[in-house]
Amino acid sequence: MTETPLPSSPPPTKTNSQYAQTRADPSTRRVLGCELRQQRTPAFLIWIVACSPSAKSGTSLFSHLTGFDSNTFPDLPSPSGALELGAGCYFEEKRLRIELMARLAAAAVVVAAFLAAAAPVPGAEALGMNWGTQASHPLPPKAVVQVLKDNGIKKVKLFDTDFAAMSALAGSGIEVMVAIPNNMLADLAADAGKAKDWVKSNVKRYDFDGGVTIKYVAVGNEPFLESYNGSFINVTFPALQNIQNALNDAGIGDRIKATVPLNADVYNSPPSHPVPSAGRFRTDIAELMTDIVKFLAKNNAPFTVNIYPFLSLYLNDNFPLDYAFFDGGATPVNDNGVLYTNVFDANFDTLVAALKAVGNGDMPVVVGEVGWPTDGDKHAKASYAERFYAGLLKRLAANTGTPARPNQYIEVYLFGLVDEDKKSVAPGNFERHWGILRYDGQPKFPMDLTGQGRNTMLVPAKGIKYLGKTWCALNPNAKDLSKLGANIDYACTFADCTPLGYGSTCNGMDTAGNASYAFNAYYQVENQKDEACDFQGLALPTETDPSTQTCNFTIQIQTGGAAATAFGGRSATVAVAVVLWALLQLLGPW
């Protein structure tokens, strides 16, 4: 997909004397204090919207844009519902700001584009990043996209098609893997029409020059986990077929591929011969996996797998620690003369053997998730994460490959970008601590994405605002502590207390410290509301930081307004270039 360069600055606005010269121009209209000027290119229909201070709030501009009506966008309840000055044209400190906002119900995509170019980081070209959003105070999407660009990350994997995230990614040039949650698989499997509708609303909607560079559609996420007890066994493959066929029918299947991110438990080696070359797909799903592999191969789509060396340690106390890393300290596993010095290579090549056994040994493999958590378990700590990533990134930068696929590029998505304090802890407390960045977008440990081993930190998220420097702690004057346990339980039900667990960063504090941590976690989740720091008289707000050398009592970030972007300045007239849709997408049939 060829991208049309976007302007580096807003188009120059016209003076009042120049307005008169444009009135006879059929491509220009004057509407209630605003000039609407149309520009056509082979790929775009672009409107330049310039409003003077006399522009009235609450006035619909949508009906004045040529070629856009309810027949063009059947999903709209009415044309006037899509673009109104009342929704985003307002005065603030005598400055007129224009925000043209596309609504989730609308089929039109409005992308405001004035994007700063970021210098790429050598060696990060092959890296992707998982961007999860299960947080009480998620980072603003625009800040996330900027931190990806600042660190040279060229690929991102999502877990849905969140509108705010997709809008922020538009025009960034970052390749995107969008995703379909598991709970949607049954509907998409049962109805090919629904699959077409999904592709239209979540892929085609953003697929235009200067839009979102979608590369993959992830159909489900680890749907064959044994812990799911077969819930998605019968719906995943039909959903995959319907989505890929919908992509093909839409004319984009040659460059956007459907795949299924699978956990490494879909394959194994027999206990009698536990070496990578003996890898086969799990017996209970072997036939299904063979069908999926054949379908992926037919459509030139990759096999996507999530590999977690950390889990090998977490699930097996006897697992050799050094074998989880890449620095050669472990006793190798000998596979018929091939030596495996780390579990990542062994796991990857077990999959290669399984693919070979069904006749597709050369199928491209994407590592959809790989990473190391930094809290929530005795092995989940920043020093181990730093060690793991240093070894992994060095190998990726050198295209080391694996013994079964030596000297080859591997497409890898690190898991994950930022901590998520609302993730389920059913697998373990570490689930909320996979981020290479903290909840606020600050780096946790040195990490050189170039793979050169430099002692350097990632570029942090910018423009993040915090709540006030106030914490919630145990009231030192509280007399009746009989209800303390119940109140701690209540706080930890609605906030993240996983750092208090065994082997975690805040483990080992006394009762007062544990209570204060729990109370503060809840207080911050509740945006420091006064009533959120009482706990039946057991807690009080404090401006003294109760953090210890190893345990950080957080101050949460501001959300909501911080995520919005307003364009404008102190000039009387503001011009915003808006890409509304590719012309062929607007006028052509589905």
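Note that the structure is predicted; figures quoted are calculated from it, not measured. Residue indices follow the written sequence of each chain, beginning from 1 at its first position. Per-residue local features are limited, in this predicted model, to residues with pLDDT of at least 70; the limit for side-chain atom pairs, both in listing and counting, is 80 or more; totals at the level of whole chains, interfaces and linings are taken over all residues. Side-chain metrics rest on all non-hydrogen atoms present in the structure, leaving aside hydrogens and water.

> A description of the overall build of the chain should follow, citing residues and the corresponding values.
Of the regular secondary structure elements, the chain holds 14 helices and 22 strands. Only protein chains enter the area calculation, which uses a 1.4 Å probe; residues under 20% of their type maximum are buried, those over 50% are exposed, and those in between are partly exposed. The buried share among the 590 residues of the chain stands at 54%. Here, two residues are considered to be in contact whenever any of their heavy atoms come within 4.5 Å of each other. For the chain, the share of sequence-separated contacts (at least 6 apart) that also reach a separation of at least 24 residues comes to 70%. About 26000 Å² of surface is accessible on the chain, with carbon and sulfur atoms providing 51% of the total. Comment: elements are numbered from the N terminus, with helices defined as DSSP H or I runs of at least four residues and strands as E runs of at least two. Residue exposure ignores everything except the shown protein chains as possible cover, and the areas themselves are Shrake-Rupley values with a 1.4 Å probe.

> Go over the state of the cysteines, please, and point to the residues and values.
Cysteine pairs can be linked by a disulfide, which is a covalent bond between their two sulfur atoms. A pair of cysteine sulfur atoms is labelled a disulfide when the two atoms are within 2.5 Å. In total, this model carries three disulfides according to the counting rule given. Each sulfur of the disulfide joining C492 and C497 lies 2.1 Å from the other. Looking down the S-S bond of the C492 and C497 bridge, the torsion is -90°, so its handedness is left-handed. Note that C506 is cross-linked by a disulfide to C551, the S-S spacing being 1.9 Å. For the disulfide bridge between C506 and C551, the dihedral angle about the S-S bond is near 90°, and by the sign convention the bridge is right-handed. Taken as a pair, C506 in the loop between α12 (484–494) and α13 (511–525) and C551 in the loop between β21 (539–542) and β22 (574–582) lie far apart in primary sequence, 45 residues in all. Since its relative accessible area comes to 1%, C506 is described here as buried. For C551, a relative accessible area of 1% translates into the label buried.

> Could you give an account of the nonpolar core, naming the residues involved and the relevant values?
By convention a nonpolar core is built from buried Ala, Val, Leu, Ile, Met, Phe, Trp, Tyr and Cys residues, the set being connected through side-chain atoms within 4.5 Å. Ranked by size, the top nonpolar core spans 114 residues in total, and within it V217, V219, I243, F281, F303 and L414 carry the most contacts. Ranked by residue count, the leading element in this core is helix α10 (residues 343–357), at eight residues. In contact with F281, other than residues within four places in its own chain, are V266, Y267, A286, M289, V293, F303, L351, A354, L355 and V358. One finds L474, F519, C533 and C551 within the second-largest nonpolar core, a separate group that totals 29 residues.

> Describe unusual backbone geometry, with residues and values.
In the segment running from F415 into G416, the intervening peptide bond is cis, with an omega of 0°. Along the chain, G416 falls in the loop between β19 (411–414) and β20 (471–474). Positioned with a positive phi, N399 is a non-glycine residue whose angle comes to about 50°. Tracing the chain through its elements places N399 in the loop between α11 (382–397) and β19. We note that F535 has phi near 50°; this positive angle belongs to a residue other than glycine. Position of F535 relative to the elements: it lies in the loop between α13 and β21.

> Describe the pairing of strand β9 (residues 175–180), listing the residues and the values that go with them.
With respect to burial, β9 is a largely interior element, five of its six residues being buried. Two strands make a pair as long as DSSP finds a minimum of two bridges between them. Relative to β9, strand β8 (residues 155–157) runs parallel, the two sharing three bridges. Bridging from a neighbouring strand, K157 pairs with M177 of β9. Regarding the hand of the β-α-β motif, the stretch spanning β8, helix α4 (residues 163–169) and β9 is right-handed. With six bridges connecting them, β9 and strand β10 (residues 213–219) associate as parallel partners. Residue pairing across strands places I180 opposite V219, the latter belonging to β10. With the strands pointing away from the viewer, any crossover whose connection runs clockwise from the first strand over the helix to the second is right-handed.

> Explain the packing of helix α7 (residues 236–249) against helix α8 (residues 286–298) residue by residue, including any values.
Helices that pack against each other are described as a pair by the angle of their axes relative to one another and the distance between those axes. Remark: α7 packs on α8, axes separated minimally by 11 Å, with the N-to-C direction vectors making an angle of 10°. Classed by the angle they form, the pair α7 and α8 counts as roughly parallel. Side by side, α7 and α8 meet where F237, L240, Q241, Q244 and N245 of the first sit next to L288, D291, I292, F295 and L296 of the second. Here the axes come from fitting lines to C-alpha atoms, over the contacting stretch only for helices, and the angles between their N-to-C directions go from 0 to 180 degrees. We call two directions roughly parallel when the angle between them is under 35 degrees, roughly antiparallel when it is over 145, roughly perpendicular when it lies between 65 and 115, and oblique otherwise.

> Tell me about α10, and name the residues and values.
Taking 1.5 Å per residue as the helical rise, α10 with its 15 residues ought to reach 21 Å, and the 21 Å between its terminal C-alpha atoms agrees with that figure. Between N or O atoms, a polar contact is any pair within 3.5 Å; within protein, one atom must be a potential hydrogen donor and the other a potential acceptor, and residues adjacent in sequence are included only when both atoms are from side chains. Of the residues flanking the start of α10, the one acting as N-cap is N342, its side-chain oxygen 3.1 Å from the backbone nitrogen of F344. G359 sits one or two positions beyond α10 and adopts a positive phi of about 90°. Multiplying 1.5 Å by the residue count of a helix minus one yields the expected span of that helix.

> Give me the environment of D377: which residues, what numbers.
In this fold, D377 is placed in the loop between β18 (365–370) and α11. On the basis of relative accessible area, D377 is assigned to the buried category, the value being 12%. Sequence spacing of D377 and G503 is 126 residues, and the spatial spacing of their C-alpha atoms is 5.1 Å. Among all residues touching D377, those that are not within four sequence positions of it are F310, Y314, Y502, G503 and S504. Among the polar contacts made by the side chain of D377, one reaches the main-chain amide nitrogen of H379 at a distance of 3.0 Å.

> Summarise the pattern of salt bridges; cite the residues concerned and give the values.
Here, a salt bridge means any side-chain nitrogen of Lys or Arg that lies within 4 Å of a carboxyl oxygen of Asp or Glu. Under the defined criterion, the tally for this structure stands at 19 salt bridges. In this structure, the salt-bridge partner of E431 is K423, at a minimum N-O distance of 2.9 Å. With respect to class, E431 is no different from K423; both count as buried. A cluster of three or more residues bridged by salt bridges with shared partners is formed by K155, E175, K215 and E411.

> Quick one: what's the story with the packing of aromatic side chains, residue by residue and with numbers?
How two aromatic rings sit relative to each other is given by the distance of their centres and the angle of their planes. Stacked, tilted and edge-to-face are the three classes applied to pairs of Phe, Tyr and Trp rings, where Trp contributes its six-membered ring and a pair requires centres within 6.5 Å; stacked means planes under 30 degrees apart, edge-to-face means over 60, and tilted covers the rest. Applying the stated rule across the entire model yields 28 aromatic pairs. An angle of 65° between the planes, with centres 5.6 Å apart, marks the rings of F325 and Y384 as edge-to-face. Of this pair, F325 sits in the loop between α9 (309–315) and β16 (333–335) while Y384 is found in helix α11, placing the two residues 59 residues apart along the sequence. The exposure class assigned to Y384 is buried, which follows from its relative accessible area of 15%. Where F388 meets Y389, the ring centres are 5.7 Å apart and the plane angle is 70°; that geometry is what we call edge-to-face. Assigned by exposure class, F388 and Y389 land together as buried. Charge-over-ring placement is defined geometrically: NZ (Lys) or CZ (Arg) within 6 Å of the ring centre, and within 35 degrees of the ring normal. Sitting above the plane of the Y384 ring, K381 keeps its charged end 4.6 Å from the centroid. Directly above the aromatic system of F325 lies the positively charged group of R387, at a separation of 4.0 Å from the ring centroid.

> So what's going on with α7? Residues and values would help.
Its 14 residues give α7 an end-to-end C-alpha distance of 20 Å, which sits within 8% of 20 Å, the value for a rise of 1.5 Å per residue. Every buried residue of α7 is listed here: T236, F237, A239, L240, N242, I243, Q244, A246 and L247. Where the residues of α7 are buried, they touch β9, α5 (185–190), α6 (192–202), β10, β11 (257–259) and α8. Positive phi shows up at G251, right after α7, with a value of about 80°.

> Give me the lowdown on the environment of L158, citing residues and values where you can.
Inspection of the secondary structure assignment puts L158 in the loop between β8 and α4. Judged by its relative accessible area of 2%, L158 is buried. The spatial distance from the C-alpha of L158 to the C-alpha of V176 is 7.4 Å, given a sequence separation of 18 residues. Setting aside residues up to four positions removed in sequence, L158 forms contacts with W131, M166, L169, V176, M177, V178 and A179.

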